[in-house]
Amino acid sequence: MGEHDDHPLMKQIRARATQQAQASSTPNSAANQQTSNAADDKTKKHPLTFKRKDDETNAQYYARGQQWIGAVDKRNRRYIALAELEIQLRNGKHVQNRTLQTHLTPAQYAAMLAAWEQQQLIRSGSSKKPHVIKYYEAELNRVQLQDIKAKDLHKRGHTEGAAAIEELCRAQLLDLRNKFNAAVTADPTLQQWLDRPIPAANNTLSTDDMPRSITSSSKSSKVVRKSKADTKLEAVQAAMRELEQD
């Protein structure tokens, strides 16, 4: 084995084999307990230690360890590269898309592009807004006006009239929700024009529960306008979190 015998991984393998041999010969001794504890501590300090397969030779064990070390090193190098990009973006430095494409997975890069596309739609106003979205906004606005009228009637003591309008509003909201949900199901691209998912159908829907167009200036809108640098930074941070959870 020559030079392989001096490799840190092979030293770990030999040490682990010795500990296992001692444990099998004196399973109930205090010395074995100390050896076991030391082995546990060693495992915590050296996460590269892993069990040998029953039919695995030293050479095969070493080769498998090298592959495992290589995978961990590759992940760590990628994390460091992402962390450096995060620092650049936080400091207002320009990071090109091709650089991000190198360090993000295809799915992560595609998600970043989709996020920026939505930000562009937010800024587009009504120029690109689909007719279905415009219709939905108009209908939701009509129900909101009725809801305001109901609240005004309540303040003036007209409880029966207010209750009747509130009931009408709930029915109209549920009908609007069902029609619009069907439209989004038929054309999923409509969802990118909304600031939130369509709520579940129920008899307690309120106007505040309903999604708003991403171009809406309503106080109920949950849209957050971001710069291109912001979307890049969020993509890099999300990629780092994924690596941390692996």
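These figures come from a predicted structure and were not determined experimentally.

> Could you give an account of the packing of aromatic side chains, with specific residues and numbers?
For the structure on display, the rule yields one aromatic pair. Taken together, a centroid distance of 4.2 Å and an interplanar angle of 20° make the contact between tyrosine 136 and phenylalanine 180 stacked. Of the two residues, tyrosine 136 sits in helix 6 (residues 131-155) while phenylalanine 180 sits in helix 7 (residues 159-186), which places them 44 residues apart along the sequence. By relative accessible area, phenylalanine 180 is classed as buried at 5%.

> Describe the side chain of serine 221, and please don't skip the residues or the numbers.
Structurally, serine 221 is set in the loop between helix 7 and helix 8 (228-245). In this structure the side chain of serine 221 is engaged in a polar contact, spanning 3.3 Å, whose partner is the backbone nitrogen of valine 223.

> Let's hear about the nonpolar core: which residues, and what values?
Ile133, Tyr136, Leu140, Phe180, Met210 and Ile214 are the most contacted members of the largest nonpolar core, which totals 23 residues. Elements represented by at least two residues in this core include exactly helix 5 (106-123), helix 6 and helix 7. It is helix 7 that contributes the most residues to this core, seven residues altogether. Leave out the neighbours within four places in its chain, and isoleucine 133 touches Phe180, Leu190, Trp193, Leu194 and Ser213. By size, the runner-up hydrophobic cluster in this structure holds 14 residues, among which are Leu85, Val95, Met112 and Ala239.

> Which residues make up the confidence of the model for the chain, and what values go with them?
With 73% of its residues at a pLDDT of 70 or more, the chain shows a mean pLDDT of 80. Averaged over each element, pLDDT in the chain is lowest for helix 2 (residues 30-45) (44) and highest for helix 4 (residues 97-103) (95). In this model, residues 1-5 is a region of pLDDT below 50 whose contacts with residues beyond four sequence positions or in other chains number seven contacts. Counting contacts from residues 23-36, a segment whose pLDDT is below 50, to residues more than four positions away or on other chains yields six contacts.

> Mind laying out the packing of helix 6 against helix 7, listing which residues take part and the relevant values?
Packing of helix 6 against helix 7 leaves a shortest axis separation of 8 Å and a crossing angle of 165°. By the angle between their axes, helix 6 is roughly antiparallel relative to helix 7. As for how helix 6 packs across helix 7, the hand of that crossing is left-handed. Along the lines of polarity and charge, the residues of the contact of helix 6 with helix 7 split into 15 nonpolar, five polar and five charged.

Quick notes on the rules
- Residue positions within a chain follow its written sequence, with the count starting from 1.
- At least 70 in pLDDT is required for a residue's local features to be given in this predicted model, at least 80 for side-chain atom pairs to be given and counted, and no such filter applies to totals for whole chains, interfaces and linings, which use all residues.
- Computation of side-chain values covers all heavy atoms of the structure but excludes hydrogens and water.
- For Phe, Tyr and Trp, rings pair up if their centres lie within 6.5 Å, where Trp contributes its six-membered ring, and each pair is then called stacked (planes under 30 degrees apart), edge-to-face (over 60) or tilted (otherwise).
- Secondary structure elements follow DSSP: runs of H or I no shorter than four residues count as helices, runs of E no shorter than two count as strands, and numbering proceeds from the N terminus.
- Partly exposed describes any residue whose relative accessible area lies between the buried limit of under 20% and the exposed limit of over 50%, with all areas from a 1.4 Å probe on protein chains only and scaled to the type maximum.
- As used in this structure description, the phrase polar contact means that two N or O atoms lie within 3.5 Å; if the pair is within protein, one of them must be able to donate a hydrogen and the other to accept it, and residues adjacent in sequence are counted only when both atoms belong to side chains.
- We call a set of buried residues a nonpolar core when its members are Ala, Val, Leu, Ile, Met, Phe, Trp, Tyr or Cys and they connect through side-chain atoms within 4.5 Å of each other.
- Note on definitions: a residue-residue contact is assigned when non-hydrogen atoms from the two residues lie within 4.5 Å.
- pLDDT measures how confident the predictor is about each residue, on a scale from 0 to 100.
- Angles shown run from 0 to 180 degrees and are taken between the N-to-C directions of axes, each axis being a line fitted to C-alpha atoms and, for helices, limited to the stretch in contact.
- An angle below 35 degrees is read as roughly parallel, one above 145 as roughly antiparallel, one from 65 to 115 as roughly perpendicular, and any other as oblique.
- Take the far helix as the reference: if the near one is turned anticlockwise from it by less than a right angle, the crossing is left-handed, and if turned clockwise, right-handed.
- Classification used: nonpolar for Ala, Val, Leu, Ile, Met, Phe, Trp, Tyr, Cys and Pro, charged for Asp, Glu, Lys and Arg, polar for all others including Gly.

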